[in-house]
Amino acid sequence: MRVFFYPILLLFCFACTQDKESATSEPANESISLNEDLLGTWEIVEMRVKAPSYMGSDSTFIQHITEADWGQVYGVKPAKTAFTKDGKFKRTLFLRTGQTTDVVNGLWKIEGDSLLTIEPNVTLSYLPTLDGEKLKLVGTIDYDRDGVSDDEYEANYRLVARTQ
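Residues numbered from 1 in each chain as written. Predicted model: local features only at pLDDT ≥ 70, side-chain atom pairs only at ≥ 80, totals over all residues. Heavy atoms only, no water.

**So, the overall build of the chain**
Thought 1: Assigned secondary structure in the chain consists of 3 helices and 9 strands.
Thought 2: Listing each helix as α and each strand as β along the chain from the N terminus yields α-α-β-β-α-β-β-β-β-β-β-β.
Thought 3: For the chain, the proportion of contacts with a sequence separation of at least 24, taken over those separated by at least 6, is 54%.
Thought 4: Total accessible area on the chain is roughly 8,800 Å²; 50% of this is exposed by carbon and sulfur atoms. (Helix = DSSP H or I, 4+ residues; strand = E, 2+ residues; numbered from the N terminus. Contact = heavy atoms within 4.5 Å. Areas by Shrake-Rupley, 256 points an atom, 1.4 Å probe, with all protein chains shown as cover.)

**Topic: the pattern of salt bridges**
Thought 1: With the rule as written, the count across this model stands at 6 salt bridges.
Thought 2: Here R91 ties to E119 by a salt bridge, and the two come within 2.6 Å at their closest N and O atoms. Here E119 lies in strand β6 (residues 114–119) and R91 lies in strand β4 (residues 88–95), a separation of 28 residues in the sequence. In this structure, R91 and E119 share a single accessibility class: buried.
Thought 3: Across the salt bridge formed by E154 and K136, the nearest N and O atoms sit 3.5 Å from each other. Of this pair, E154 sits in strand β9 (residues 151–161) while K136 sits in strand β8 (residues 134–141), and the two are 18 residues apart along the sequence.
Thought 4: For E154, a relative accessible area of 25% gives the class partly exposed.
Thought 5: Because the salt bridges share partners, they merge into one network encompassing E43, E67 and R158. (Salt bridge = Lys/Arg side-chain N within 4 Å of Asp/Glu carboxyl O. Buried < 20%, exposed > 50% of the residue type's maximum accessible area, 1.4 Å probe, protein only.)

**Some remarks on the pairing of strand β5 (residues 100–111)**
Thought 1: When β4 meets β5, the two strands line up antiparallel, connected through 7 bridges. Bridging across to β5, F89 finds its partner in G106.
Thought 2: Two successive antiparallel strands, β4 and β5, enclose a turn made up of 4 residues, where G98 displays a positive phi of approximately 100 degrees. (Pairing = 2+ DSSP bridges.)

**What about the packing of aromatic side chains?**
Thought 1: Applying the stated criterion across every chain, the model contains 6 aromatic pairs.
Thought 2: Arranged with centres 6.5 Å apart and planes meeting at 45 degrees, the rings of W70 and Y74 form a pair that is tilted.
Thought 3: Overall, Y74 belongs to the partly exposed group, its relative accessible area being 27%.
Thought 4: Ring pairing ties together the aromatic residues F61, Y126, Y143 and Y153, which thus form one cluster. (Phe/Tyr/Trp six-rings, centres within 6.5 Å; stacked < 30°, edge-to-face > 60°.)

**Here's the deal with the environment of S114**
Thought 1: On the secondary structure map, S114 appears in strand β6.
Thought 2: As a C-alpha pair, S114 and L127 span 13 residues in sequence and 4.9 Å in three-dimensional space.

**Describing the confidence of the model for the chain**
A low pLDDT means the predicted coordinates there should not be read in detail.
Thought 1: Averaged over all residues, the pLDDT of the chain is 81; the fraction at 70 or higher stands at 79%.
Thought 2: Per-element confidence in the chain is highest for β9, whose mean pLDDT is 96, and lowest for helix α1 (residues 6–9), whose mean pLDDT is 37.
Thought 3: Across residues 1–27 the pLDDT falls below 50, and counting only partners more than four positions away or on other chains, this stretch makes 94 contacts in the model. (pLDDT = per-residue confidence, 0-100.)

**Points about the nonpolar core**
Thought 1: With 29 residues, the main nonpolar core has L38, W42, I44, M47, W108, Y153 and Y157 as its most contacted residues.
Thought 2: If you list the elements that add at least two residues to this core, you get α2 (26–38), β1 (40–51), β3 (76–83), β4, β5, β7 (122–131), β8 and β9. (Core = buried A, V, L, I, M, F, W, Y, C linked by side-chain atoms within 4.5 Å.)

**Thoughts on unusual backbone geometry**
Thought 1: Positive phi outside glycine occurs at N121, with the angle close to 75 degrees.
Thought 2: Judged by relative accessible area, which is 80%, N121 ranks as exposed.
Thought 3: The backbone phi angle of R145 is positive, close to 55 degrees, even though this residue is not glycine.
Thought 4: Its location among the elements puts R145 in the loop between β8 and β9.
Thought 5: The exposure class of R145 is partly exposed, given its relative accessible area of 35%.

Rendered as structure tokens:
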């Protein structure tokens, strides 16, 4: 049984390649720190999205998923995304029973102050904010995949495991 939960799919990713010249500047140092701080497995806790022209229609779609909603409303556990040093990520989605429903593999990259996630058929850009073991991603993206990046997206994550 394969279940597709689109709201959960839009999590995050990114990686950064530094050349020797940019490695000495302040933004490069921030990127290096962010690259290191993102390594690990992150679990989505809360998500908000507002799509003003949902699926290309004139309807507005608003969704707010809290931590309790994942299991009670959607019958799933919060998705987990693992970021690795080689610029790859793996997002795993689970049913409430723990059974894996979907796995998304992609690439992550930092460009300037943005986190890019590159998945099959979509590249998304977020402004990441890290505070210890908490991560917040904010962006105007094409959440509903109607071809227009006009959807306001915000998600909060917690670190559940570190990778080296």
